[in-house]
Amino acid sequence: MLEDYKEIQPIAYKILTNSVSKGHISHAYLIETNEYPKKMEFAIAFAKFLLCKNHQTFHQNCQECRLCERIDHGNFTELKIIEPDGLWIKKEQLEELQQEFSKKSIESENKIYIINGAEKMNLSAANSILKFLEEPESGIIAILLTDNIYQLLDTIISRCQIVSLKKSIDDFSYEKISYESQMLFNIAKLYAVNIDELNSLLEDTQYKIMIESAVKFVNIYEEKQKNILIEMNQLWNSVFQDKEKIMFGLDIIVLYYKDMLNIKLNRPLEIFGELNNTLITLANKNTVYQICDKIKIVMASKHKIKYNMNQNLLMDKLVLELEAVSNGESCKS
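The text that follows walks through the structure, step by step, so that each part is easy to find. (Residues numbered from 1 in each chain as written. Predicted model: local features only at pLDDT ≥ 70, side-chain atom pairs only at ≥ 80, totals over all residues. Heavy atoms only, no water.)

1. Topic: the side chain of Lys38
And step 1. By the secondary structure assignment, Lys38 is in the loop between strand E1 (28-32) and helix H2 (39-51).
And step 2. Of the polar contacts made by the side chain of Lys38, one reaches the side chain of Glu197; its length is 2.6 Å. (Helix = DSSP H or I, 4+ residues; strand = E, 2+ residues; numbered from the N terminus. Polar contact = N/O pair within 3.5 Å; in protein donor to acceptor, adjacent residues only side chain to side chain.)

Structure (structure tokens):
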């Protein structure tokens, strides 16, 4: 429920709930995510708030209603989610959306579409959605998510109500929380919606194992490179056994490489401060461009796993692409 974000995203929560309660619902919301990890969950919670009457009355048992259940399973006809097709969101995807939304709404007063990674619309796609925003039809609401608002056309930005998310939980709430590792705590802050969830993550043994395994994977890869394929089952497949866990593991790898990049750029470490010496050693094995290319490769792999690509093939391909970058080849992703 959107209510779950009342404390973690108070400003965004207040803006959105007030717009609904006062009857001032915009035809388009542009959510500046600031890389908040649960941005899609937040967008879907807002879509439920717009579509489900129980949400608007803060009904505590709303998770049991059929409408919200169908949204969770991705088969509610009045909600469409657009994701990048490869590196970009393409014009054809938006044309298909517009064609679908030209039909009369059957199950709800509103139709909602969410564009995740709106900054990844190519020029044709951006112009296509601009026409949709310039001539909004009653009952059609856009929710655009972007990690970089500056990559969007000014004409798109001007036609949306802008809402900014905070990256993680406020620091003032941490005083009573105990944790054994700053690294684990820093990552938990990114993924927890509230203090209870933060504590739950810190007490979750599997959560710790996944983080440590992802870090170990990078450390051993950077030492052995392609020979890591021999140890893949023990290092990765035995721990990351479903789509959600794989995506989390890839997230940790990205965060690890980003801190490696911080070393190269003489910036403070964001997550893995206690692994400073290891990161220095690994950073010295790579150029800035190599680290950036490796981040791109891992992020591309995360996108592929959403479409049920075979896990073993995905990780084998990931290792080979990382190896190519280590050997001085440019990233092709």
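Having seen the structure, we can now continue with the description.
2. Considerations on the packing of helix H12 (residues 243-264) against helix H13 (residues 276-283)
And step 1. Packing of H12 against H13 brings their axes to within 9 Å, and their N-to-C directions diverge by 75°. The angle between H12 and H13 places the two elements in the roughly perpendicular class. Between H12 and H13, the residues in contact are Tyr256, Asp259, Met260, Ile263 and Lys264 and Asn276, Thr278, Leu279, Ile280, Leu282 and Ala283, respectively.
And step 2. Its residues placed into classes, the contact of H12 with H13 shows seven nonpolar, two polar and two charged. (Axes fitted to C-alpha atoms, helices over the stretch in contact; angles between N-to-C directions. Parallel < 35°, antiparallel > 145°, perpendicular 65-115°, else oblique. Contact = heavy atoms within 4.5 Å. Nonpolar A, V, L, I, M, F, W, Y, C, P; charged D, E, K, R; others polar.)

3. Quick notes on the sheet that holds E1
And step 1. Strand order in the open sheet made by the five strands is E2-E3-E4-E1-E5, with parallel pairing throughout. Taken across any chain shown, the strands that pair with only one partner, and hence form the sheet edges, are strand E2 (79-82) and strand E5 (161-164). Averaged over all pairs of adjacent strands, the angle between their axes in this sheet comes to 20°, without regard to strand direction.
And step 2. One ladder, built from six bridges, connects strand E3 (residues 111-116) with strand E4 (residues 140-146); its direction is parallel. Counted as the bridge partner of Ile115 is Leu144 from E4.
And step 3. Sheet strands in contact with H2 are E1, E2, E3 and E4, and its direction is about 170° off that of E3. (Pairing = 2+ DSSP bridges.)

4. Some words on unusual backbone geometry
And step 1. One non-glycine residue, Asn266, lies in the positive phi region at around 60°.
And step 2. For Asn266, the location among the structural elements is in the loop between H12 and H13.
And step 3. Asn266 gets classed as exposed once you look at its relative accessible area, which sits at 73%. (Buried < 20%, exposed > 50% of the residue type's maximum accessible area, 1.4 Å probe, protein only.)

5. Side note on helix H5 (residues 91-101)
Every α-helix carries 3.6 residues per turn, so stepping three or four residues along brings you back to the same face.
And step 1. Listing the buried residues of H5 in full gives Gln93, Leu94, Leu97 and Phe101. One face of H5 carries all of its buried residues, which in axial projection span an arc of 90°. Of the exposed residues in H5, the ones pointing more than 90 degrees away from its buried face are Glu92 and Gln99.
And step 2. Along its buried surface, H5 packs onto E2, E3, helix H6 (123-134) and E4. (Arc of directions from axis to C-beta.)

6. Here's the deal with the pattern of salt bridges
And step 1. With the rule as written, the count across this model stands at 12 salt bridges.
And step 2. Note that Lys38 is salt-bridged to Glu197, the shortest N-O span being 2.6 Å. Of the two residues, Lys38 is situated in the loop between E1 and H2 and Glu197 in helix H9 (residues 195-202); the sequence distance between them amounts to 159 residues.
And step 3. The buried category is assigned to Lys38, whose relative accessible area is 16%.
And step 4. Of the charged contacts, one joins Lys302 and Asp251 as a salt bridge, the two residues approaching to 2.7 Å between their closest N and O atoms. Remark: Asp251 occurs in helix H12 and Lys302 occurs in helix H14 (residues 288-305); sequence separation between them is 51 residues.
And step 5. Note on Lys302: relative accessible area 24%, which makes it partly exposed.
And step 6. Exposure remark for Asp251: the relative accessible area of 16% places this residue in the buried category. (Salt bridge = Lys/Arg side-chain N within 4 Å of Asp/Glu carboxyl O.)

7. Digging into the pairing of E4
Strand residues, when the strand is regular, have side chains that alternate between the two faces of the sheet.
And step 1. Of all seven residues making up E4, seven are buried, and the element is well covered by its neighbours.
And step 2. Of the two faces of E4, the one lined by Ile140, Ala142, Leu144 and Thr146 and the one lined by Ile141, Ile143 and Leu145 are each fully buried.
And step 3. By the bridge criterion, five bridges tie E1 to E4 in an arrangement that is parallel. Bridge assignment links Ile31 to a residue of E4, and that residue is Leu145.
And step 4. As for the winding sense of the linkage, the β-α-β connection from E3 through H6 to E4 is right-handed. (Right-handed = clockwise from strand over helix to strand, strands pointing away.)

8. Details of the packing of aromatic side chains
And step 1. Here the structure, examined in full by the defined rule, presents nine aromatic pairs.
And step 2. Ring geometry for Tyr207 and Phe248: centres 5.9 Å apart, planes at 40°, overall tilted. Pair noted here: Tyr207 is in helix H10 (residues 205-224) and Phe248 is in helix H12, with a separation of 41 residues, a long-range link.
And step 3. For Tyr207, a relative accessible area of 3% translates into the label buried.
And step 4. The class for Phe248 is buried, based on a relative accessible area of 11%.
And step 5. Following the ring pairs from residue to residue traces out a cluster consisting of Phe101, Tyr113 and Phe132. (Phe/Tyr/Trp six-rings, centres within 6.5 Å; stacked < 30°, edge-to-face > 60°.)

Geometry only, nothing functional implied.
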